[in-house]
Amino acid sequence: MANILAASGGVKQVICINWGTKYGVPFINRLYAMVARNITPPFTFTCFTDNRDGLRGEILCEDLPPLDIANMPTKTPGIWQKSRLWGPNLGNLKGPVLFLDLDIVIVGSLDCFFEMEGPDDVVLARNQTTPFERLGQTSVFRFPVGKLVPLQEKFRANPQAIADEYRFEQRFVTRNAPGGVKLYPRRWVLHFRRDCRHVFPLNYFLEPRLPADARVVLFPRNLLPQHAIDGQYGERGHVDTPLGHIRRLFTGDYREKSPISHLRHYIHPARWVAEHWRE
């Protein structure tokens, strides 16, 4: 950790990015609060955003970094606006920064993310959905400011072609980061659907679990922390009792592709998410 912090002035630097209205103030303020509860000072928390209204005073706000691209990729699953962070400057920050997505839940100490590898390394969480591919996950990753400039330049040259080839920005980073990437231990960053919810039929009897070695839990694909708190499997799901969820099969009031998917997608409310995902 000493070398990493020396490169950033002795401070753990945490950053996030926000644009548009999908997440906004509640997510940013909760993320700051979770970081503050789970990190050993000194630290800074910087949000690169297009709207500063309502943000906590402890949050350092910066405008969105410039990205000289007329047309961003379309019809792609990747979050390519994150490429704004790959430029030569990020406000006044220097050295390694830890990037966190807005829709994560922090459940353990973040100190370990500043202890692995060296200050010049790009270190990503492991992608849990591709176990047979060595792929990083950019929901949680550390990089030195300016190290990813070659990626931004390559992406800027032909954004749509890059997005079509790699689909997800995390695959592009994993494959093209200068000097390669390192990966954090698999169990530090977990995927709520894959690692926490129970398989059928246990999902009807047991609350989603929180493994003891987890530090961060991800909520991708439109299943947000509030959905887990309510017991709702994503935006298209219902909040219901186990019996009520099963009854929907016989009324036709279910939205999944098949009855089997409907049964698999029930989740009990996850109380532990509410305990962590708060200001």
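Preceding this section is the structure that the text describes.
Residues numbered from 1 in each chain as written. Predicted model: local features only at pLDDT ≥ 70, side-chain atom pairs only at ≥ 80, totals over all residues. Heavy atoms only, no water.

*Asks:* Sorry if this is basic, but what is going on with the state of the cysteines here?
*Replies:* What makes a disulfide is a covalent bond joining the sulfur atoms belonging to two cysteines. Under the defined criterion, the tally for this structure stands at zero disulfides. With no disulfide partner, Cys16 has as its closest neighbouring cysteine sulfur the one in Cys47, 3.6 Å distant. Here Cys196 stays unpaired: no disulfide links it, and the sulfur of Cys112, its closest cysteine neighbor, is 16 Å away. Residue class for Cys196 comes out buried when judged on its relative accessible area of 0%. (Disulfide = S-S within 2.5 Å. Buried < 20%, exposed > 50% of the residue type's maximum accessible area, 1.4 Å probe, protein only.)

*Asks:* I keep staring at the sheet that holds strand 5 (residues 105-106) and nothing clicks. Help me out?
*Replies:* Across a sheet, paired strands are connected by hydrogen bonds in the backbone, their directions being either parallel or antiparallel. One open sheet accounts for three strands, arranged 5-10-9; its pairing is mixed. Unpaired on one side and paired on the other, strand 5 and strand 9 (189-191) mark the two borders of the sheet. (Pairing = 2+ DSSP bridges. Helix = DSSP H or I, 4+ residues; strand = E, 2+ residues; numbered from the N terminus.)

*Asks:* What am I meant to see in the packing of aromatic side chains here?
*Replies:* Between two aromatic rings, the relevant description is the distance of the centres plus the angle of the planes. Scanning the entire structure with this criterion turns up 18 aromatic pairs. With a centroid separation of 5.8 Å and 40° between ring planes, the pair formed by Trp86 and Phe172 is classed as tilted. Placement of Trp86 in the loop between strand 3 (60-63) and strand 4 (96-100) and of Phe172 in helix 5 (residues 169-176) is noted, with a sequence separation of 86 residues between them. A relative accessible area of 2% places Trp86 in the buried class. A ring pair is formed by Phe113 and Tyr184, whose centres lie 4.8 Å apart and whose planes are at 80°; its orientation type is edge-to-face. (Phe/Tyr/Trp six-rings, centres within 6.5 Å; stacked < 30°, edge-to-face > 60°.)

*Asks:* Whenever I open this one, the pattern of salt bridges confuses me. Can you help?
*Replies:* When their charged atoms lie close together, side chains carrying opposite charge are able to pair. Applying the stated criterion across every chain yields a total of 16 salt bridges. Between Arg52 and Asp63 there is a salt bridge whose closest N-O contact spans 2.9 Å. Pair noted here: Arg52 is in the loop between strand 2 (43-49) and strand 3 and Asp63 is in strand 3, with a separation of 11 residues, a long-range link. Taking the relative accessible area as the measure of exposure, Arg52 reaches 40% and is therefore partly exposed. Measuring nitrogen to oxygen at the nearest pair gives 3.0 Å for the salt bridge that ties Glu133 to Arg171. With a gap of 38 residues between them, Glu133 in the loop between strand 6 (123-126) and strand 7 (136-144) and Arg171 in helix 5 connect regions that are remote in the sequence. Three or more residues are tied together by salt bridges with common partners; here these are Arg186, Arg187, Asp195 and Asp213. (Salt bridge = Lys/Arg side-chain N within 4 Å of Asp/Glu carboxyl O.)

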